[in-house]
Amino acid sequence: MKSTIRKALALLAFLTLAALLIPLGNTFLVQLDTFATLTMRDMRERDDIELAIVGSSIVQHHFNPTLISEATGLTAFDATITNMVMPDVLALTHELYRTNSPEWVVLVLEAYSFDSVKTDPQTQMKLMPHLSSPVNRLRYLQDVLEKDGDKLSRVLLFNTFGFQSFSDVRKAVRLRTDPEAVLAELQSEHPGDYLYADGFVRRQTDERATDALVKTVIREETGYTYEVYDYTKDKLREFKALCEEHGSKLMVILAPGMTAHALAEPGYLPYIESAQAFFGELGVPCFNLMFAREELLPCLNDLYYDLYHMVGEGADTLSAAFARLFNAYLAGEDTSGWFYPDAQAYLASIDFITNCWLTQETGADGQVTLRADCNRGTLVTPQYRFTLVQESGEETLLRDWSEDAVLTCDAQALAGGTPRAYARADEGGESVCFTLGETDKPSGN
């Protein structure tokens, strides 16, 4: 009997020690992200936030709180961690309410907010060390574990994202004691880039997404019906209740993205429309900026420095459009004319080609078939032109502009060069091109 009691007490002591040490390890023995640390610190050390803009990197890079504050008269702040889904959003917003009582909470979502219910491990790593309430930590961990089978890695976060070098230790210590110095060091390595204020990270770079667009955003068909998962809907209801509990008014913004994603990815627009319908059922004001007309928001494709994020000019344009929309809503104005009514109307409005691609197949008879395709609006009838690019860069015409997207020729006709396809939306219009080999897409051989 005494032996059994001793074992039970030893087990209890072990579990108690683990319950104390694991949270400490997940706080002080994990790598820290610079902008997550700055954002969470700034949010926690203030109590004047009137307009909290909550979301993933789409908020971090695209919503300028300084501009929005000036335009709306409300003190705005970006409550953001990159790549957040709903469990992360809930945990961060609980932390927001520990020191702030915003009049408005604007939840910014995009199509990629709905294609997964599983928290990114790196998002957990960025957020978990900054949650100051044990109750919030436990609730967040339960949410994370619910949708991830690798429970040990999620619980022992410091084992997965622990310090790998002395520089990791040094960075973590400096971020806790002097985060501005870490930011200054980062900015000195990238002059003029990574400007930070109130959760907003402003990118100033000459990089553009053009090359990545050509190589990766190739249209696919799945036949699957995409809509917001029931789990995500439950978490959105929970988020609405959280805002109401703290006296905040909730608005949802469905953020715009590159046109090519809407044209190429089967779930992009269905996810957005499914979300918009759901918020309509909830009675939550929801504005779909993906369907915004030129009158409210011009096309921003040329301002993306990668496939998902814009430079500062794009952020300012989007922020100004949001502030205008927000002010109009508060004034009771009818804003329906600023948006296309549905995906069909939006797709029909796209009168250009975003990018094209080319595949090559060689038949048993030695004939080579080149097939071109492109992402374009539904009313666009594309024209294609095929050339052969020599090593010197000189091009030889294989076939001039035609609506025919297929060219068949002898293999000998392609000897010594690489096929290239051009696509344009109308005669004399600007064209886009694709050279075979610019992507890992299978050639079909």
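Residues numbered from 1 in each chain as written. Predicted model: local features only at pLDDT ≥ 70, side-chain atom pairs only at ≥ 80, totals over all residues. Heavy atoms only, no water.

On to the confidence of the model for the protein, then. Residues with a pLDDT of 70 or more make up 91% of the protein, whose mean pLDDT is 90. Across residues 440-445, confidence stays below pLDDT 50; counting only partners more than four residues off in sequence or on other chains, it has twelve contacts. (pLDDT = per-residue confidence, 0-100. Contact = heavy atoms within 4.5 Å.)

This next bit is on the sheet that holds strand β9 (residues 367-376). Reading across from one edge, β8-β9-β12 is the order of the three strands in this open sheet, with antiparallel pairing throughout. In this open sheet, the two strands that pair with only one neighbour each are β8 (353-362) and β12 (406-410). On average, adjacent strands in this sheet sit at an angle of 20 degrees to one another, irrespective of strand direction. Bridge count for β9 against β12 is five bridges, and the pairing is antiparallel. Its bridge partner being in β12, Thr369 is matched across the sheet by Thr408. (Pairing = 2+ DSSP bridges. Helix = DSSP H or I, 4+ residues; strand = E, 2+ residues; numbered from the N terminus. Axes fitted to C-alpha atoms, helices over the stretch in contact; angles between N-to-C directions.)

All of the buried residues in helix α11 (residues 179-189) are Pro179, Val182 and Leu183. Buried residues of α11, seen end-on, are gathered within an arc of 100 degrees and therefore sit on one face of the element. The inward-facing, buried residues of α11 abut α2 (34-44), α10 (166-177) and β4 (195-197). (Buried < 20%, exposed > 50% of the residue type's maximum accessible area, 1.4 Å probe, protein only. Arc of directions from axis to C-beta.)

Moving on, we come to the pattern of salt bridges. Per the counting criterion, the structure on display carries 22 salt bridges. Between Glu395 and Arg420 there is a salt bridge, with the nearest N and O atoms lying 3.0 Å from each other. Taken together, the positions of Glu395 in strand β11 (residues 395-402) and Arg420 in strand β13 (residues 417-424) put the pair 25 residues apart, joining distant regions of the chain. Through salt bridges that share partners, Arg219, Glu221, Asp373 and Arg376 make up one connected network. (Salt bridge = Lys/Arg side-chain N within 4 Å of Asp/Glu carboxyl O.)

This part is about helix α15 (residues 268-282). Across its 15 residues, α15 extends 22 Å between first and last C-alpha, which sits within 8% of the 21 Å expected from 1.5 Å per residue. Considered for burial, the residues of α15 that qualify are Tyr268, Leu269, Tyr271, Ile272, Ser274, Ala275, Phe278 and Phe279. Where the residues of α15 are buried, they touch β3 (104-109), α13 (230-245), β6 (249-254), α14 (259-264), β7 (286-288) and α17 (343-349). Following α15 by one or two positions, Gly283 has its phi on the positive side, about 75 degrees. (Expected span 1.5 Å × (residues − 1).)

Think of a pair of aromatic rings as described by two things: how far the centres are apart, and how the planes are tilted against each other in angle. Overall, the coordinates contain 16 aromatic pairs when judged by the stated rule. On the numbers, 5.3 Å between centres and 80 degrees between planes, the contact of Trp104 with Phe326 is edge-to-face. Of this pair, Trp104 sits in strand β3 while Phe326 is found in helix α16 (residues 312-330), placing the two residues 222 residues apart along the sequence. The pair Trp104 / Phe326 is uniform in exposure class, with both members buried. Considering the side-chain rings of Trp104 and Tyr329, the 6.2 Å spacing of their centres and the 85 degrees angle between planes classify their relative orientation as edge-to-face. In this pair, Trp104 sits in strand β3 while Tyr329 sits in helix α16, placing the two residues 225 residues apart along the sequence. According to the relative accessible area criterion, Trp104 is buried, its value standing at 6%. An aromatic cluster is built from Phe63, Trp104, Phe287, Phe322, Phe326, Tyr329 and Phe339, whose rings are joined through pairwise contacts. Sitting over the face of the ring of Tyr305, Arg203 holds its NZ or CZ atom 4.4 Å from the ring centroid. Over the face of the ring belonging to Tyr422 we find Arg385, whose NZ or CZ atom lies 5.6 Å from the ring centre. (Phe/Tyr/Trp six-rings, centres within 6.5 Å; stacked < 30°, edge-to-face > 60°. Lys NZ or Arg CZ within 6 Å of the ring centre and 35° of its normal.)

This part covers the pairing of strand β14 (residues 431-435). Relative to β14, β13 is paired through five bridges, and the arrangement is antiparallel. Within the sheet, the bridge partner assigned to Arg424 lies in β14 and is Ser431. Between β13 and the antiparallel strand that follows it, β14, lie six residues; Gly428 among them carries a positive phi value of about 85 degrees.

Moving on, we come to the nonpolar core. Nonpolar side chains tend to gather and get buried jointly when the protein is soluble and globular. Counting 60 residues, the largest nonpolar core has Leu92, Leu107, Phe239, Leu269, Phe279 and Tyr346 as its most contacted members. Examining the composition of this core, we find that seven residues originate from one element, α15, more than from any other. Beyond its immediate chain neighbours, meaning those up to four positions away, Phe279 contacts Leu109, Leu236, Val252, Val284 and Cys286. Judged by nonpolar contacts, the second largest core, of 40 residues, contains Val106, Met251, Leu318 and Trp338. (Core = buried A, V, L, I, M, F, W, Y, C linked by side-chain atoms within 4.5 Å.)

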